[in-house]
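Summary of structural features
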Amino acid sequence: MGRTLAEKVWDEHVVRSTPGEPDLLYIDLHLIHEVTSPQAFDGLRLAGRPVRRPDLTLATEDHNVPTLDWDKPIADPVSRTQVETLRKNAAEFGVRLHPLGDLDQGIVHVVGPQLGLTQPGMTIVCGDSHTSTHGAFGAIAFGIGTSEVEHVLATQTLMQAKPRTMAVTVNGTLPEGVTAKDLILYLIAQTGTGGGQGYIVEYRGEAIEQLSMEGRMTVCNMSIEWGAKAGMIAPDQTTFDYIEGKPEAPKGAEWDAAVAHWKSLRTDDDATFDKEIVIDAGDVTPFVTWGTNPGQGVPLGAHVPSPDDFEDATDKVACEKALAYMGLEAGTPMREVKVDTVFVGSCTNGRIEDLRLAAEVIKGHKVAEGTRLLVVPGSVRVRLQAEEEGLDVVFKEAGRVARARVVAPTWSRCPSPPPPPSRARSPRPRTWSERNWSHGEVHLPHGNGASAAPQQRRHRPDHPGGLPQARDPHRLRGRAVRRVAQRPRLRGQQA
């Protein structure tokens, strides 16, 4: 019996398997940040335990860091305490840290791939739900809780029940102007936010293979938004080209051996999935959310739905609550919904390709009166590359200054939120009311729409360009890396 991609990677990492119990998995790479790690380190300290594999652990400051005045002491006391605590813990336990001001600091799910630490066939965990981003490389990657963070720090292993497998096959080619973000929002709207619960999802098909690595990361990033344990895409030449030459990459014979192994990480022809979904890429259009979760989305040319449009009683109530929170009226054309703030960035869409696309849309235009544009590169290196390409000039000429970096202004204590009441258009991954700014509403748009909206204060993406393809010479290129577990220590500066 053949095996799926997920089954191959999972089986390679099982340390112990006992009937009736979860498997004990070896973890190749553990990413940590300032929010979900303090209690974990306290647990180690109380038990007198060291970090089992500090060389397979990487820390970065990304959740509660400012987008302005990052070179000054953090003003918010809670955020400052979390960041300072991470620095102390990293120094005490010998964990590599990329703090504010470091060249490799940034959003944890941007930093891992750009350093070449994310690679096919790995198991990757982090105390952040969007760890599924790394599945775009053919890795099993998922978010974990603080107690699990402590377990991985102490043992470099994790107890996990083996998930079921699902295939999402996207046949054909995405229409011109339709992005990876549209594709995943379309899927979530079809299945609901619980449609992937309990599954590791493998995204397959011609449309997936045509995506750049940035596009694939967007798709896998949002796997959690429809309940999936993780999302994966089989590695191919696009993957190898992106990884090759990254700072942590193997060279020569080691590179050849790594690629030979990575090429074997594909679902066998005779393998079976527990569930399969097939999508026609031609059916996907620019998408935008109208409610308080990513599953409440409609095509950009549609209208705000009414509770009467839903048959299920629970869906009716959810619609009523979402419309009340968002301050929208059923029947309103989505293109006519005005926004006050447009945010370009986040772990979903804060990479160089996203900034290029945004700049292409906004170039030659001005931000509309009463609207502000926030551009937050996902890492220091992304910001520097954007500046080298002159993208910052494009944004500044549009009427707003590009900002530095942060996961997304989703935390109420972030110094960057718009003043209430406000309506924001953001390419970040989720719209939950409890994660939004106080008295603010957030819409998730497709990639081009986030940049077009500030020109007219409405959801009107006029960008004619198509989706950047895998062989696009202007996309960010990188180099490949061997498995982290094979290296004696991550290279780089310690805390």
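In case you missed it, the structure is sitting above this.
A brief report on the enclosed structure follows. In this text the structure is predicted, and so the values were computed from the model without any measurement.

Let us now look at the packing of helix α6 (residues 180-191) against helix α8 (residues 213-221). Running from amino to carboxyl end, α6 crosses α8 at an angle of 20°, the nearest separation of the two axes being 8 Å. Looking at the two axes, α6 sits roughly parallel to α8. α8 is crossed by α6, and the crossing has right-handed handedness. Across the interface between the two elements, Ala 180, Lys 181 and Ile 184 of α6 pack against Gly 215, Thr 218 and Val 219 of α8. Residues that form the contact of α6 with α8 fall into these classes: three nonpolar, two polar and one charged.

What follows concerns the side chain of Thr 57. With respect to the helices, strands and loops of the structure, Thr 57 is situated in strand β4 (residues 57-60). At a separation of 2.9 Å, a polar atom in the side chain of Thr 57 contacts the main-chain carbonyl oxygen of Arg 53.

What follows is about the pairing of strand β6 (residues 123-126). Of the two faces of β6, both are covered, the one formed by Thr 123 and Val 125 as well as the one formed by Ile 124 and Cys 126. Of the strand pairs in this sheet, strand β3 (residues 29-32) and β6 are connected by three bridges, and their pairing is parallel. Counted as the bridge partner of His 30 is Val 125 from β6. As defined by bridge partners, β6 adjoins strand β7 (residues 140-143) across four bridges and the pair is classed as parallel. Looking at the pairing, Ile 124 lines up with Ala 141 of β7.

Let's shift gears to the pattern of salt bridges. If the charged atoms of two oppositely charged side chains come close together, the side chains can form a pair. With the rule as written, the count across this model stands at 15 salt bridges. Between Arg 96 and Glu 248 there is a salt bridge, with its nearest N and O atoms 3.1 Å apart. With Arg 96 in strand β5 (residues 96-98) and Glu 248 in the loop between α9 (237-243) and α10 (253-262), the pair connects residues that are 152 residues apart, well separated along the chain. Using a relative accessible area of 4% as the deciding quantity, one classes Arg 96 as buried. Exposure remark for Glu 248: the relative accessible area of 2% places this residue in the buried category. One salt-bridge network, held together by shared partners, links Arg 3, Asp 11 and Lys 162.

Quick notes on the rules
- Residues numbered from 1 in each chain as written.
- Predicted model: local features only at pLDDT ≥ 70, side-chain atom pairs only at ≥ 80, totals over all residues.
- Heavy atoms only, no water.
- Axes fitted to C-alpha atoms, helices over the stretch in contact; angles between N-to-C directions.
- Helix = DSSP H or I, 4+ residues; strand = E, 2+ residues; numbered from the N terminus.
- Parallel < 35°, antiparallel > 145°, perpendicular 65-115°, else oblique.
- Left-handed = near helix turned anticlockwise from the far one by under 90°.
- Contact = heavy atoms within 4.5 Å.
- Nonpolar A, V, L, I, M, F, W, Y, C, P; charged D, E, K, R; others polar.
- Polar contact = N/O pair within 3.5 Å; in protein donor to acceptor, adjacent residues only side chain to side chain.
- Buried < 20%, exposed > 50% of the residue type's maximum accessible area, 1.4 Å probe, protein only.
- Pairing = 2+ DSSP bridges.
- Salt bridge = Lys/Arg side-chain N within 4 Å of Asp/Glu carboxyl O.

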